[in-house]
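Single-letter residue listing:
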Amino acid sequence: MASTPSPRTAATTLQNSLLSSSSSSVNHNKPSNLSFLHASSNSSSLKLFHSVSASFSPSNSSSTICNVLKTVESADISFSNARDLDGVVSIPKPTILVSEKLGEAGLDLLRSFGNVDCSYDLSPQDLCAKISLCDALIVRSGTKVTRQVFEAAQGRLKVVGRAGVGIDNVDLQAATEFGCLVVNAPTANTIAAAEHGIALLTSMARNVAQADASMKAGKWLRSKYVGVSLVGKTLAVMGFGKVGSEVARRAKGLGMHVIAHDPYAPADRARAIGVDLVSFEQAIATADFVSLHMPLTPATKKVFNDDTFAKMKKGVRLINVARGGVIDEDALVRALDSGIVAQAALDVFTVEPPPKDSKLVQHENVTVTPHLGASTKEAQEGVAIEIAEAVVGALNGELSATAVNAPMVPPEVLSELAPYVVLAEKLGRLAVQLVTGGSGIQNVKVVYKSARDPDSLDTRLLRAMVTKGIIEPISDTIINLVNADFSAKQKGIRISEERVIVDSSPEYPVESIQVQISNVQSRFASALSENGNISIEGKVKYGVPHLTRVGSFSVDVSLEGNLILCKQVDQPGMIGQVGNILGESNVNVSFMSVGRTVKRKQAIMAIGVDEEPNKDTQKKIGEVSAIEEFVFLKL
């Protein structure tokens, strides 16, 4: 038998796991997997490759592992078929297309990892022509990443990075369907955008831009450019996210009374800043100044229109450093002409750059800047580094904390759940292999046993991994964390969850995970529970996933390599008989466990094996008189 890896080695290996796949070759006609770190059967030996070329594939099928925690302390790195004639490792580097200008610090980071193609001002047709040769795409706000782009990528595009906050120029639905991760850079330019919002607020209130232009034209018009004070005025912050809350902090420092509207903002965070959360109607009706910080969505498109302006206090002043599309620009011109809106300060526009003859841009009561919200040296460098790190991480198989089309899981939760997501994926992969018959899988239930309060246990990541394990073996599409839920819905599979509080240590997030598949037939009848569902359960022990229950039988076997389940009469010599058959066929046994319900009645023997037994070997196992049924399962 093979020696069992030490708990520390196994824990280290599995703690660095997040996503897995059983695909043994790269197929760029499928949505691409997010993971590129492959673990061999030796837990201390890792094979690393980047799936960027259809001609390059690992020689052995292995479990794809995503290095989330970056805590691999030691590993023997080996490459089986990526060597040149001199035996030197030669790995194809990923190709990263940068379609808009990015700071040099970010480009340097990208160049140290892959081949960087800086092609600016691409037409939609040119982008579609290039994208099938690219593994990653980095854009700002000017490039439209449409469904056609994802279709043209033919499954090779793994990640789209938006160098900034807003992602309204990326078709998230299409990205999710094609298994492409979308990441943004939401923090680096927060302060810059907030500072620009305040700059527009104060310059508008004191007519700085108009007075400057007047003086440069040789005029001295002190009486014309009398401003308004900010102290004691009410500022309505529409959208209380990162930028909106920073604007609120600074406005409070200017002596303004700040209110905010955001249906998703927590009231306690607003109160901590001294801001009152109010309804949309109350905000626009009572504000002297309105600062926009909302994303552009179907619900917010042109939300500031004729009806909205009619409800505002006469003489209101408007600032927009968010998205131009949230304002009906023609309606704003009418509101300015009528005096409802006294002034506007705009950094963003529906069409950028706006037409030269734009009535809005040319209006004497409007201050405009060319989308400068994030345009400070510090912010540009920060955004470039932030998005480069997120893209490189995604190409390395890591789930970025800035992913916008995957379950948003805080880093500390990712760290804690790492070994459990490996368990979840392998339980899903085992469960689906137990299904037989033509009825199809429709209902899957995942039961989490934990000592923690259900509200403090975030299971989105675990559910996604169970879904991945179930769908990928029966699909021609690679499933990853991004498209797992979507793919389940497309296949008519309903994934439900149940959380059971147990009396164990709350130090660990999950005591066990159980996967049930209902209304199906099983290849292994003993896997059926009393209610007729296929049911398997597992735990994490010393950082290693273990199978602990099959149907009503308790077992204890490490989920590594492959697995043989045998239902047998509980009698002496069974382990020896099966072990001898496997040994004669040169099949190495790594683990073995026997579980039974009643002594000398029936038992289940779970055997971990490194190799797949051939048909003759499996036939011999089935011919052992005391074995009632058995099944071989691939992990």
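Residues numbered from 1 in each chain as written. Predicted model: local features only at pLDDT ≥ 70, side-chain atom pairs only at ≥ 80, totals over all residues. Heavy atoms only, no water.

K.L.:
When you look at the nonpolar core in this model, what are you seeing that I'm missing?
P.N.:
As a rule of thumb, soluble globular proteins bury nonpolar side chains together. In terms of nonpolar packing, the biggest core is built from 80 residues, with Leu102, Leu110, Leu462, Ile513, Leu547 and Leu565 touching the most fellow members. The dominant element in this core, judged by the number of residues it contributes, is helix α15 (residues 411–433), at 12 residues. Residues in contact with Leu110, not counting those within four places in the same chain, are Ile96, Val98, Leu102, Val116, Ile138, Ala388 and Val392. Core analysis: the second largest hydrophobic core is formed by 30 residues, Met294, Val303, Phe304 and Phe309 among them. (Core = buried A, V, L, I, M, F, W, Y, C linked by side-chain atoms within 4.5 Å. Buried < 20%, exposed > 50% of the residue type's maximum accessible area, 1.4 Å probe, protein only. Helix = DSSP H or I, 4+ residues; strand = E, 2+ residues; numbered from the N terminus. Contact = heavy atoms within 4.5 Å.)

K.L.:
Any chance you could explain the pattern of salt bridges here in plain terms?
P.N.:
Two side chains of opposite charge can pair, provided their charged atoms sit close to one another. According to the stated counting rule, one finds 24 salt bridges in the structure shown. With a closest N to O distance of 2.5 Å, Glu498 and Lys445 form a salt bridge. Highlighted residues: Glu498 in strand β19 (residues 494–501) and Lys445 in strand β18 (residues 443–450), separated in sequence by 53 residues. The class for Glu498 is partly exposed, based on a relative accessible area of 32%. (Salt bridge = Lys/Arg side-chain N within 4 Å of Asp/Glu carboxyl O.)

K.L.:
So what exactly am I meant to see when it comes to the sheet that holds strand β16 (residues 366–368) here?
P.N.:
If you trace the seven strands from one edge of the open sheet to the other, you get β12-β11-β10-β13-β14-β15-β16, paired in parallel fashion. Looking at the sheet topology across the chains shown, the edges are occupied by β12 (276–277) and β16. Of the pairings in the sheet, the one linking strand β10 (residues 234–238) to strand β11 (residues 257–261) comprises five bridges and is parallel in character. Opposite Val237, over in β11, you have Ala260 as the bridge partner. In the packing of helix α8 (residues 242–253) onto the sheet, the strands contacted are β10, β11 and β13 (289–292), and the crossing angle to β10 comes to about 170°. Each of β14 (316–320), β15 (341–346) and β16 touches helix α12 (residues 329–338); the most contacted strand, β15, lies at about 140° to it. (Pairing = 2+ DSSP bridges. Axes fitted to C-alpha atoms, helices over the stretch in contact; angles between N-to-C directions.)

K.L.:
Sorry if this is basic, but what is going on with the sheet that holds strand β22 (residues 534–541) here?
P.N.:
By definition, the strands of a sheet pair up through backbone hydrogen bonds, in either a parallel or an antiparallel sense. As summarised here, the arrangement of the six strands in space is β19-β18-β20-β22-β23-β24, forming an open sheet in which the pairing is mixed. Strands at the two margins of the open sheet, each flanked by one partner only, are β19 and β24 (553–558). When strand polarity is set aside, the average angle formed by the axes of neighbouring strands in this sheet is 20°. As judged from the six bridges shared by β22 and strand β23 (residues 544–550), these two strands associate in the antiparallel manner. The partner of Lys541 across the bridge, within β23, is Val544. Sitting on the sheet, helix α16 (residues 460–471) touches β18, β19 and β20 (512–518), and the angle it makes with β18 is about 140°.

K.L.:
Sorry, what's going on with the packing of helix α18 (residues 574–584) against helix α19 (residues 615–623) here?
P.N.:
When two helices pack together, their arrangement is given by the angle between the helix axes and the distance between those axes. The geometry of α18 relative to α19 is characterised by a closest axis approach of 10 Å and an angle of 165° between their N-to-C directions. With respect to their mutual orientation, α18 and α19 come out roughly antiparallel. Crossing geometry of α18 relative to α19 is assigned as right-handed. In contact with Val578, Ile581 and Leu582 of α18, α19 contributes Thr617, Lys620 and Ile621. The residue makeup of the contact of α18 with α19, split by class, is four nonpolar, one polar and one charged. (Parallel < 35°, antiparallel > 145°, perpendicular 65-115°, else oblique. Left-handed = near helix turned anticlockwise from the far one by under 90°. Nonpolar A, V, L, I, M, F, W, Y, C, P; charged D, E, K, R; others polar.)

K.L.:
Explanation requested: the packing of aromatic side chains in the structure shown.
P.N.:
How two aromatic rings sit relative to each other is given by the distance of their centres and the angle of their planes. Within this structure, the stated rule accounts for one aromatic pair. Measuring from ring centre to ring centre gives 5.8 Å for Phe280 and Phe304, while their planes differ by 50°; the resulting arrangement is tilted. Taken together, the residues Phe280 in helix α10 (residues 280–286) and Phe304 in the loop between β13 and α11 (306–310) connect sequence positions 24 residues apart. Residue class for Phe304 comes out buried when judged on its relative accessible area of 0%. (Phe/Tyr/Trp six-rings, centres within 6.5 Å; stacked < 30°, edge-to-face > 60°.)

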